[in-house]
Amino acid sequence: MIDIVELAGSLLLFLLVFGMSATVDMKALLAQVKNKKAILTGCFLQFGILPLLGFAVVKILNMNETMGITLLVVTSSPGGSYSNWWCSMFNADLALSVTMTAISTMLSCVALPANLLLYSRFSYDDDVVSLLDWPSLFTALIVVIGAIALGLICSAKIHSHRFNVLSNKLGNIAGISLVLFSALVSNSGGEDFRMWNRDWKFYVGVALPCFAGLIISNVMTSILSLKRPERVTVSIECCYQNVGIATSVALTMFEGADLAEAMGVPFYYGILEAVILGVYCIGAWKMGWTKAPPNAPFCHVIATSYEVIVAEKYELQAIEVTLSSDAHDNESLSDDGDTIFAYFRSEDDVGDTKEPSGLHDEYYHAHLEEQNSGEKPLIKE
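Rules used throughout
Residues numbered from 1 in each chain as written. Predicted model: local features only at pLDDT ≥ 70, side-chain atom pairs only at ≥ 80, totals over all residues. Heavy atoms only, no water. Phe/Tyr/Trp six-rings, centres within 6.5 Å; stacked < 30°, edge-to-face > 60°. Helix = DSSP H or I, 4+ residues; strand = E, 2+ residues; numbered from the N terminus. Buried < 20%, exposed > 50% of the residue type's maximum accessible area, 1.4 Å probe, protein only. Lys NZ or Arg CZ within 6 Å of the ring centre and 35° of its normal. Axes fitted to C-alpha atoms, helices over the stretch in contact; angles between N-to-C directions. Parallel < 35°, antiparallel > 145°, perpendicular 65-115°, else oblique. Left-handed = near helix turned anticlockwise from the far one by under 90°. Contact = heavy atoms within 4.5 Å. Expected span 1.5 Å × (residues − 1).

A. Inspection of the packing of aromatic side chains at higher detail. Taken as a whole and assessed by the stated rule, the structure comprises 10 aromatic pairs. Residues Phe 90 and Phe 298 carry aromatic rings whose centres are separated by 6.1 Å and whose planes lie at 50° to one another, so their mutual orientation is tilted. Remark: Phe 298 occurs in helix H13 (residues 298-303) and Phe 90 occurs in the loop between helix H5 (82-89) and helix H6 (94-123); sequence separation between them is 208 residues. Residue classification places Phe 90 among the buried residues on the basis of a relative accessible area of 4%. What links up through ring pairs into an aromatic cluster is the set Trp 86, Phe 90, Tyr 240, Trp 285 and Phe 298. The ring of Trp 289 carries the charged tip of Arg 231 above its face, separated from the ring centre by 5.2 Å.

If you want it as structure tokens, here you go:
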């Protein structure tokens, strides 16, 4: 039964990450790989600031070993796969999110055990890290890396905006299914897993890294002048952790009452990060920090992939007509001298464009008109 549960969870995780990765246009991804400022900022926040915040909370609140080690695992883990889902639903920079998830997952193979070894030994006398089941811990990382690789390969090979849209829908369905699946499994342990009988240190301590990390991320990305959708993405990637890793660690390290206490940490953090980042994403969208128009209906925004719409718009803009490079032949006069002939050439291969997505969003185009004219256009209902 445990094997079936683990297999189902891994399959839904794979479909979620594959769907989000296959949504991304390869040109946008390659552009983000070169975005060193955003990626380095995200990695610093992910593996530098958040683990440090977890360590500070453990020390200041003097958390016991069970709660403290599990919280350190949560804050030292790479970004959760749901971070791609949040960036997709609220139309932050999904290409950057997938890029950062791939990079942070690979870096976590070194950064996660390094942070755990460092901060656990500064927090506790016993070397509890030796009890960790490292193979189980890395299973989720392997699933994520494989799904990202396959999704990006399919996006590049199929080369269709329509495929990007369908992949996005698959990822959304898998994301919702994984939420329901996780809730079912997390609440199947009976009385010991109830969340309302904990000490105040549990509620405050688990919440603080997420709150503080979100504030620090927004301040730092604003100071560094990242684009607004990039600020939202980096902030989500910093705070939205892969709590499945901490859950796996708790299951292998603890038993009885300690297991119930440890399991509560990733479960509660998972609820918190969903609520906190959900409110944050709505606020960012309304402030114009995402790719979605602030005046579009909420249900329309979360159901529409503006990542695809924007990528398609830029692809059409890239087919530019320019003057001939020969300055002496680009213009000529007619024999009677009253007509000027101008010669043009196309720079880009039109045949290389993707299959259209079929999406036409009146709110997005109205938003562009508003930005260009400075006046609020009327949208026909």
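B. Layout of the packing of helix H3 (residues 36-60) against helix H10 (residues 228-239). Taken N-terminus to C-terminus, the directions of H3 and H10 make an angle of 25°; their axes are 9 Å apart at the nearest point. In terms of orientation, H3 and H10 fall into the roughly parallel class. The interaxial crossing formed by H3 with H10 has right-handed handedness. Together, Ala 38, Thr 41, Gly 42, Leu 45, Gln 46 and Leu 50 of H3 and Glu 230, Val 234, Glu 237, Cys 238 and Cys 239 of H10 make up the contact between the two elements.

C. Layout of unusual backbone geometry. In this structure, Asn 62 takes a positive phi of about 50° despite not being glycine. The backbone of Ser 225 shows a phi angle near 60°, a positive value even though the residue is not glycine. For Ser 225, the position within the fold is in the loop between helix H9 (200-223) and H10.

D. Molecular detail of H3. In this model H3 runs 34 Å from its N-terminal to its C-terminal C-alpha over 25 residues, within 8% of the 36 Å that 1.5 Å per residue would give. Positive backbone phi, approximately 50°, marks Asn 62, located one or two places after H3.

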